[in-house]
Amino acid sequence: MTQASADRHVVIVGASLAGTRAAEGLRNLGHTGRITLIGAESELPYDRPPLSKDLLTSDWSDESVESFRLATKASLEGAGIELELGVAAAGLDVAKRSVILADGTIISYDLVVIATGAAARPSPWRPGTGVYQLRTLEDSRAIAARLKLGEPVVVVGGGFIGTEIAAAAVGFGCDVTVVDPVSEPMARIVGPEIARSLVELHHRHGAQTRFGVGVADIQGKDGELTVILDDGTRLETSTAVVGIGSIASTEWLASSGLTLDNGVVTDGFLRAVGVDDVYAIGDVARWPHPGRGVQVRAEHWTNASDQARYVATAITQGVDEPYDSTDYVWSHQYDWKVHTIGWRHPGGSSTIVGDLAKGGKTAVIHSDANGDVCGAVTVNWPRGLNLARRLFASGESAETIVEKLGQLA
Ligand SMILES: Cc1cc2nc3c(=O)[nH]c(=O)nc-3n(C[C@H](O)[C@H](O)[C@H](O)COP(=O)(O)OP(=O)(O)OC[C@H]3O[C@@H](n4cnc5c(N)ncnc54)[C@H](O)[C@@H]3O)c2cc1C
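Since the structure is predicted, the reported quantities are computational estimates derived from the model, not experimental observations. (Residues numbered from 1 in each chain as written. Predicted model: local features only at pLDDT ≥ 70, side-chain atom pairs only at ≥ 80, totals over all residues. Heavy atoms only, no water.)

Visitor: What is the right way to look at the sheet that holds strand E12 (residues 208-211) in this model?
Guide: Pairing between the strands of a sheet is mediated by backbone hydrogen bonds and can be parallel or antiparallel. In space, the five strands of this open sheet follow the order E9-E16-E10-E11-E12, with parallel pairing throughout. Both outer strands of the open sheet, strand E9 (131-132) and E12, are each paired with one neighbouring strand and no more. Where strand E10 (residues 153-156) and strand E16 (residues 239-242) come together, four bridges link them in parallel fashion. Considered in E16, the bridge of Val155 is made with Val241. (Pairing = 2+ DSSP bridges. Helix = DSSP H or I, 4+ residues; strand = E, 2+ residues; numbered from the N terminus.)

Encoded structure:
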């Protein structure tokens, strides 16, 4: 059980999805004390999924960017949320309960919520120019400008973000190659069945893949790059986009004494271990996942949003139960909309409903090693997704979910 405290000063570090939703949630749930929201970016909070989807596949415009803001200055001010944008937190003094900003300002708190998310894992290949990475609005703007040239693009990294960028580049007529040292890079998220179909989808649209071979080096400059693969292949390209995962933004906490291990390690109530007045939420938090029985750092929109709501509730009203995750992720590539709930157990089994080859409505239901359902993936099937989610939440067996989806198909 966490204790409610409606009038304390809550300082939230990180003004993106998790931080903004936590600040708004606190006010909506009746928090009467001060709320300060600190963000390293000078931009008003914005949503990241459109950075690799809507904003890369259409013509970039300031209006389209505005439609992906998470809040306006007026809405935050109206809620009495004090904004400190454009200045990073440089340290946390847990004993003195204060956040130290990069400009030297010290902000005292009663409770602090760490929501500093993650940054793109830096590219190990650094020619002077020509290598792009995607995490921020500025990154997306720069990549969009390159894709519009219609020149060759090599994407390093075949996960969701890399393949979404590849699909966007194909849309601009670019000659696209996706490289990844793993032979089925998307299988970890969606399972091998849908991973293979997604690769075929990319091939049908003209993208090439070089999976199972890594990158040794990238040489040259913007417009004249050579990507050298481990097997000696040289890919001449104009632009390289490196999407090789992310790292939790915890460097500012190095001397805080908090337990840092691939994120801020928390207890089940999302409190930094051993420190009651420090919470961590969103992509930066690594918490004990009740279903999986291990510490997890999820990098999903829904998790960041759900954890923000959970912590706002914990602070204003108290909570009895530890945080439980909905584990919901999506990806849009060409005309495919892929949604995943739960997870795939490496030692489990999967059942397909629908005809993946035709790319129509399809679902794959995953069971764990005991035969208990643990996840599902759907392609282009919103009603199937909703039904699977409902049945999943009510604890139905894999057989029942497969049967009912079959009736819906
Ligand atoms: C291109 C892209 C596409 C995505 N698509 C999907 C999708 O389709 N579906 C899905 O489920 N998820 C998707 N995600 C993931 C999703 O956007 C993240 O899970 C979500 O943004 C996490 O929110 P967050 O607030 O925890 O962290 P972040 O969004 O990383 O925000 C953290 C904020 O903290 C700031 N910050 C960092 N350090 C400091 C500091 N020291 N002081 C102050 N501020 C600091 C950062 O500048 C940033 O603004 C995507 C992510 C990206 C990058």
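Visitor: Just checking my understanding: could you explain the packing of aromatic side chains for this structure?
Guide: Pairs of aromatic rings are described using the distance from one ring centre to the other and the angle between the two planes. In the structure shown here, the tally under the stated rule is four aromatic pairs. Ring centres 6.2 Å apart and planes at 65° place the aromatic pair Trp301 and Trp330 in the edge-to-face group. Of the two residues, Trp301 sits in helix H9 (residues 301-316) while Trp330 sits in strand E22 (residues 328-333), which places them 29 residues apart along the sequence. Trp301 gets classed as partly exposed once you look at its relative accessible area, which sits at 27%. These aromatic residues form a ring-pair network of at least three members: Trp287, Tyr310 and Tyr323. Above the face of the Tyr328 ring, Arg389 is positioned so that its terminal group lies 4.1 Å from the ring centre. (Phe/Tyr/Trp six-rings, centres within 6.5 Å; stacked < 30°, edge-to-face > 60°. Buried < 20%, exposed > 50% of the residue type's maximum accessible area, 1.4 Å probe, protein only. Lys NZ or Arg CZ within 6 Å of the ring centre and 35° of its normal.)

Visitor: Hey, could you run me through unusual backbone geometry in this one?
Guide: What is expected of a backbone is that most residues other than glycine have negative phi and most peptide bonds are trans. The phi torsion at Asn262 lies on the positive side, around 55°, for a residue other than glycine. Within the secondary structure layout, Asn262 lies in the loop between strand E17 (246-248) and strand E18 (264-265). For Asn262, a relative accessible area of 47% translates into the label partly exposed. The residue Leu270 is not glycine, and still its phi comes out positive at about 70°. Inspection of the secondary structure assignment puts Leu270 in the loop between E18 and strand E19 (278-280).

Visitor: Quick question: what am I supposed to make of the pairing of strand E20 (residues 285-289) here?
Guide: In terms of residue burial, E20 counts as a mostly covered element, since four of its five residues are buried. Pairing of E18 with E20 involves two bridges; the strand directions are parallel. By the bridge assignment for E20, Val264 is matched with Ala285. Sheet topology places E20 next to strand E21 (residues 294-296); three bridges connect them, and they run antiparallel. Counterpart to His289 in the pairing with E21 is Val294. From the end of E20 to the start of E21, which pair antiparallel, there are four residues, and Gly293 there has a positive phi angle of about 75°.

Visitor: Where do I start with the sheet that holds strand E13 (residues 215-221) in this structure?
Guide: Reading across the sheet, the three strands line up as E13-E14-E15 and stay open at both edges, with antiparallel pairing between neighbours. Edge strands, defined here as strands with exactly one partner in the open sheet, are E13 and strand E15 (234-237). Neighbouring strand axes in the sheet, compared pairwise and without regard to direction, differ in orientation by 15° on average. Both strand E14 (residues 224-229) and E15 contribute to a ladder of four bridges, which runs antiparallel. (Axes fitted to C-alpha atoms, helices over the stretch in contact; angles between N-to-C directions.)

Limitation: the analysis is restricted to geometry and does not speak to function.
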